[in-house]
Amino acid sequence: MRQEDVWDVETAQNYDTPGTGMFALEVLGPTVDRLAELANGGRALEFAIGTGRVAVPLAQRGVSVTGIELSRPMIDQLRTKADEATIPVIVGDMATTVAPGEFTLAYLVYNAISNLLTQAEQVACFRNAARHLRPGGRFVIELWVPELRKLPPGQHATVWQVEPGYIGLDTYDVLHQQVVSHHFRFDESRKARLDRSPHRYIWPAELDLMAQLAGFELESRHADWTGAEFTAESRSHVSIYRIPRRA
């Protein structure tokens, strides 16, 4: 599966779920609040901006947001909410594509860095973020913690969410540090829809090393956008890296 095939027209048209899931106010509100605080009046760059779930409300808060996005259908969906003058978007890979200007903040939300399927690409993404940031600038990553503790010998899948009309499960290839997320959506009929996306999972310690290679320092790590403590039981984290200021 190529990323271009995953984020196609059908996915883009069905991606937004206003008021529910990752678009729920209790999920999106703290995300936008924290990013607006970290932007601190400067420009923000979103890698994998998608349909503008975060960028649109962040821009409405007065933050100047630019995006990088590989999928043209996702950009087309974003354009139904904000024009190019409001949120400019550069089409390309977040590991290599360069946006014009200098930024105070760069960010990757909702596990998007795992869409890069090799360690080399993920390291390149950190370096690309560093390339865009002014001294003292921050790179924020929201990422899940691999759930390998749930895999007993001989088992290769974990169910991570079950709710009415939806089942989410991940299948792991631990030899190559790969995971495929499977999303089953169904109703009262006998038919279900399956969407799949490939990822390369990253441990927090590995993420920190990638940051060091790009010249970042870890500033903080919390379990969520509200600042909850990150513990051994946390299922995800929000990590903030910073480019050191010049002496």
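Everything in this summary refers to the structure shown in the same document.

The rules we used
Residue numbering note: each chain is counted from 1, following its sequence as written. In keeping with the predicted nature of the model, local features appear solely for residues at pLDDT of at least 70, side-chain atom pairs appear and are counted solely at 80 or more, and the whole-chain, interface and lining totals rest on all residues. Each side-chain value is worked out from all heavy atoms of the structure, with water and hydrogens disregarded. Between buried and exposed lies partly exposed: a residue is buried under 20% and exposed over 50% of the maximum accessible area for its type, with that area taken using a 1.4 Å probe on protein chains only. Elements are defined by DSSP. Helices are runs of H or I of four residues or more, strands are runs of E of two residues or more, and each kind is numbered from the N terminus. Any two strands are treated as partners once DSSP identifies two or more bridges connecting them. Look down the strands so they point away from you; if going from the first strand over the helix to the second traces a clockwise path, that crossover is right-handed. When the centres of two rings from Phe, Tyr and Trp lie within 6.5 Å, Trp using its six-membered ring, the rings pair. Their planes under 30 degrees apart give stacked, over 60 give edge-to-face, and anything left gives tilted. Consider the ring centre and the ring normal. A charge sits over the ring if Lys NZ or Arg CZ is within 6 Å of that centre and within 35 degrees of that normal.

Strand 1 (residues 43-47) sits mainly inside the fold: four of its five residues count as buried. Judged from the five bridges that link them, strand 1 and strand 2 (residues 64-69) form a sheet pairing that is parallel. Pairing of A44 across the sheet is with V65, part of strand 2. Where the polypeptide runs from strand 1 across helix 4 (residues 55-60) and back to strand 2, its parallel neighbour, the crossover connection is right-handed. As defined by bridge partners, strand 1 adjoins strand 4 (residues 103-108) across three bridges and the pair is classed as parallel. Across the sheet, the residue bridging to L45 is A106, located in strand 4.

In this section: the packing of aromatic side chains. Applying the stated rule across the entire model yields eight aromatic pairs. Ring plane angle 70 degrees and centroid distance 6.2 Å describe the contact between F126 and F216, whose orientation is recorded as edge-to-face. Here F126 is found in helix 6 (residues 119-132), whereas its partner F216 is found in the loop between helix 7 (204-213) and strand 10 (217-222), with 90 residues between them in sequence. On the basis of relative accessibility, which here comes to 0%, the residue F126 falls in the buried class. Between F139 and F216, the ring centres sit 5.8 Å apart and the planes meet at 35 degrees, which makes this aromatic pair tilted. A residue pair is termed long-range when its members are at least 10 positions apart, and F139 in strand 5 (residues 133-144) and F216 in the loop between helix 7 and strand 10 qualify at 77 residues. According to the relative accessible area criterion, F216 is buried, its value standing at 4%. Joined through ring pairs, the aromatic side chains of F47, F126, F139, F216 and Y241 make up one cluster. Above the ring of F103, the side-chain terminus of R43 is found at 4.1 Å from the ring centroid.

Honestly, it's all geometry; don't read function into it.
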